[in-house]
Amino acid sequence: MTPYARRGVHGQIVEALARRILGGEIPEGATLDLVALQSELDVSLTALRESLKVLAAKGMVDARQKRGTFVRSRADWNLLDADVLRWQFEGGRKTEADRALLQNLAEVRAIIEPAAVRLAAERRTEADLAALDEAIAAMDRAESDPAHAVDADLAFHRALLTATHNELLERMEMVIESGLAHRDRIVHSSPHSEDPLPAHRAVLDAVRQRDPSAAEAAMRALLEQAGRDLDRIETPDDMKGSGGK
């Protein structure tokens, strides 16, 4: 999926504003000074207004008479939107909100993926197995290349959702991939993470054997390993910031 907000100058405006809002530079409730933003971003007022329509559709801003355009409460933001998730994670920040969102996504994955893989084990086709095999092969080839490792891991989990042959579950890739990509970029850049291939192969083996219970157990084990990897990497920084507690 190609995120809408990366397309051309218009997309750059959307992305710049979104990152400022998500990073707290433009706080919730703040009224936007469109003239100042137009000058600062060196864009036309028309382009700025069109970009704000994109953020309005994602629940991030609104416009009212006598108040102007303002940032809505975070509770109103469409946090399941793929662009909003990507902006949140690609901003290079390590705020409590970022950590909380990553934990929330881990919990969503723990609910969705074990159940999804049961369906995949029951419904997978030879084409599905071929896609999963290719993803595993790509993970093996990308062992020393973090960027390719991330792409291969995303391909594996995408193929699993596709193998459910449930259109709504397939659409969940938009939510899962954003959090998974962020976690993968952190983990695959660290020398301290566990080898992910055995856990992924265990999932694939169970799906290939049409064993839903084994597939679910393997997926839960994979997610537990993913959690350990992230904890192992983030705990030292957390401890430094909290006096070692």
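Coordinates for the structure precede this section.
What counts and what doesn't
Residues numbered from 1 in each chain as written. Predicted model: local features only at pLDDT ≥ 70, side-chain atom pairs only at ≥ 80, totals over all residues. Heavy atoms only, no water. Core = buried A, V, L, I, M, F, W, Y, C linked by side-chain atoms within 4.5 Å. Buried < 20%, exposed > 50% of the residue type's maximum accessible area, 1.4 Å probe, protein only. Helix = DSSP H or I, 4+ residues; strand = E, 2+ residues; numbered from the N terminus. Contact = heavy atoms within 4.5 Å. Salt bridge = Lys/Arg side-chain N within 4 Å of Asp/Glu carboxyl O. Phe/Tyr/Trp six-rings, centres within 6.5 Å; stacked < 30°, edge-to-face > 60°. Lys NZ or Arg CZ within 6 Å of the ring centre and 35° of its normal.

**Quick notes on the nonpolar core**
Here's step 1: Ranked by internal contacts, the top residues of the largest apolar core, which has 23 residues, are Val-117, Leu-132, Phe-156, Leu-160, Val-203 and Val-207.
Here's step 2: Those elements giving two or more residues to this core turn out to be α5 (96-123), α6 (126-141), α7 (146-163), α10 (197-208) and α11 (212-241).
Here's step 3: Every residue in contact with Leu-132, bar those within four places of it in the chain, is listed here: Phe-156, Ala-159, Leu-160, Leu-204 and Val-207.
Here's step 4: Membership of the second largest hydrophobic core comes to 22 residues, among which are Ile-13, Val-14, Leu-32 and Val-54.

**A closer look at the pattern of salt bridges**
Here's step 1: The tally for this structure, following the rule as stated, stands at 18 salt bridges.
Here's step 2: Its salt-bridge partner being Glu-15, residue Arg-19 comes within 3.2 Å of it at the nearest N-O pair. Of this pair, Arg-19 and Glu-15 both sit in helix α1 (residues 8-22), four residues apart, roughly one helical turn.
Here's step 3: Since its relative accessible area comes to 26%, Arg-19 is described here as partly exposed.
Here's step 4: Of the charged contacts in the structure, one is a salt bridge between Glu-40 and Arg-20, with a shortest N-O distance of 2.8 Å. With Glu-40 in helix α2 (residues 34-41) and Arg-20 in helix α1, the pair connects residues that are 20 residues apart, well separated along the chain.
Here's step 5: By sharing partners, the salt bridges in this structure join Glu-15, Arg-19, Lys-58, Asp-81, Asp-83 and Arg-86 into a single network.

**Overview of the packing of aromatic side chains**
Here's step 1: Inspection of every chain in the model, using the stated rule, returns zero aromatic pairs.
Here's step 2: The side chain of Arg-67 reaches across the aromatic face of Phe-70, ending 3.7 Å from its centre.

Structural measurements only, silent on function.
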